[in-house]
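Reading the structure
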Amino acid sequence: MVFKLTGMNRQRRRQIYLVGFMGSGKSSVGALIAEALGWPFIDLDAVIEAGQRATVREIFERAGEPFFRQLEKAALVEVSKAEPAVIALGGGTFAQPWNAEWIRQTEGVTIWLDCPEEELWHRCAKVQNRPLFRDRSSFSKLLEERLPYYRQAEYRVSTGRRSPEEVAREILRSQIF
Ligand code: S3P
């Protein structure tokens, strides 16, 4: 089920923003939805990496998180001009109030991919490019801090123990855009 959390129904939704913690499936689900709709898929982290010719991890290591957040904000402003588009945000993008407000002012739909912590942890352990993936207690703490922001998305869909294909199908079936 895709649950409505906040916001008003608007017509002609031509942008989909996928929100959620690292490992929640934003990039894999986003690519599938985009393919099914025939819309471009934009991965915000990939845009930042292409612009810097460096990985997210390298950007954090060389210049620190505040610099990464500036790049993220600039990249968000740029990609939000694309329409139609499916946009996978980074795990921290929607937790920056300025970014969330910017997104709200677009005509885009925001969907939170909600996944239990345990599963997020196991999924992230398989991929190396995440500077904020360290020990379990900082992971938990960061997730706790982020949840109130994710809850401000318009829709929530559970991604726990479900394949990206299943989640994408459910979002497509929900007819929310
Ligand atoms: C971050 C999540 C990452 C990436 C960066 C910071 C975060 O994106 O933007 O490492 O603050 O949670 P993913 O959610 O795609 O891993």
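First, a word on what this report is: a plain description of the structure on this page. The shown structure was predicted, so the numbers you read here are calculated from the model rather than taken from an experiment. (Residues numbered from 1 in each chain as written. Predicted model: local features only at pLDDT ≥ 70, side-chain atom pairs only at ≥ 80, totals over all residues. Heavy atoms only, no water.)

1. Some remarks on helix α1 (residues 26-37)
An ideal rise of 1.5 Å per residue puts 16 Å on 12 residues; α1 measures up with 16 Å between its terminal C-alpha atoms. Listed in full, the buried residues belonging to α1 are Lys26, Val29, Gly30, Ile33 and Ala34. Along α1, the residues classed as buried sweep out an arc of 135 degrees about the axis, all on the same side. Opposite its buried face, α1 presents the exposed residues Glu35 and Ala36, each directed more than 90 degrees away. The inward-facing, buried residues of α1 contact β2 (15-19), β3 (41-43), β4 (85-88), β5 (109-114) and α8 (164-173). Looking at the residues trailing α1, positive phi occurs at Gly38, about 75 degrees. (Helix = DSSP H or I, 4+ residues; strand = E, 2+ residues; numbered from the N terminus. Expected span 1.5 Å × (residues − 1). Buried < 20%, exposed > 50% of the residue type's maximum accessible area, 1.4 Å probe, protein only. Arc of directions from axis to C-beta. Contact = heavy atoms within 4.5 Å.)

2. Considerations on the site of the ligand
By nearness alone, 13 residues border the ligand, and Lys26, Asp45, Arg69, Arg130 and Arg146 come closest of all. Within the contact set of the ligand, an oxygen atom lies 2.6 Å away from a side-chain nitrogen or oxygen of Arg69. Within the side chain of Arg146, an N or O atom sits 2.8 Å from an oxygen atom of the ligand. Protein coverage of the free-state accessible area of the ligand, which is 390 Å², stands at 95%. Tallied by class, residues from the shell around the ligand come to five nonpolar, three polar and five charged. (Near = heavy atom within 4 Å. Polar contact = N/O pair within 3.5 Å; in protein donor to acceptor, adjacent residues only side chain to side chain. Areas by Shrake-Rupley, 256 points an atom, 1.4 Å probe, with all protein chains shown as cover. Nonpolar A, V, L, I, M, F, W, Y, C, P; charged D, E, K, R; others polar.)

3. Brief notes about the nonpolar core
The biggest cluster of nonpolar side chains holds 35 residues, and the ones touching the most others in it are Phe21, Met22, Leu89 and Phe139. Looking at this core, the elements that each hand over two or more residues are β2, α2 (44-52), α3 (56-63), α4 (65-79), β4, α5 (97-104), α6 (117-125) and α7 (136-150). Ignoring any residue separated from it by four or fewer positions in sequence, one finds Phe139 in contact with Phe21, Met22, Glu117, Leu120, Trp121, Cys124 and Phe133. Counting 17 residues, the second-largest nonpolar core is a separate cluster that includes Leu18, Val29, Ile171 and Ile176. (Core = buried A, V, L, I, M, F, W, Y, C linked by side-chain atoms within 4.5 Å.)

4. Notes on the packing of aromatic side chains
This structure, assessed with the given rule, holds eight aromatic pairs. Taking the centre distance of 6.2 Å and the plane angle of 55 degrees together, the rings of Trp39 and Phe177 count as tilted. With Trp39 in the loop between α1 and β3 and Phe177 in the segment after α8, this pair connects stretches of sequence that are 138 residues apart. With relative accessibility at 26%, the residue Phe177 sits in the partly exposed group. With a centroid separation of 5.6 Å and 90 degrees between ring planes, the pair formed by Phe133 and Phe139 is classed as edge-to-face. By relative accessible area, which is 18% here, Phe133 ends up buried. According to the relative accessible area criterion, Phe139 is buried, its value standing at 0%. Through a chain of ring-to-ring contacts, three or more aromatic side chains come together here, namely Phe21, Trp121, Phe133 and Phe139. Across the ring face of Trp98, the terminal group of Lys73 is positioned such that the distance to the ring centre comes to 4.4 Å. (Phe/Tyr/Trp six-rings, centres within 6.5 Å; stacked < 30°, edge-to-face > 60°. Lys NZ or Arg CZ within 6 Å of the ring centre and 35° of its normal.)

5. Points about the sheet that holds strand β1 (residues 2-4)
Pairing is mixed across the open sheet formed by six strands, whose spatial order is β1-β6-β5-β2-β4-β3. At either end of the open sheet lies a strand with only one pairing partner, and these are β1 and β3. The sheet shows a mean angle of 25 degrees between the axes of neighbouring strands, taken without regard to direction. Sheet topology places β5 next to strand β6 (residues 155-158); four bridges connect them, and they run parallel. Paired with Trp112 across the bridge in β6 is Arg156. Contacting β1, β5 and β6, α8 runs over the sheet at an angle of about 145 degrees to β6. (Pairing = 2+ DSSP bridges. Axes fitted to C-alpha atoms, helices over the stretch in contact; angles between N-to-C directions.)

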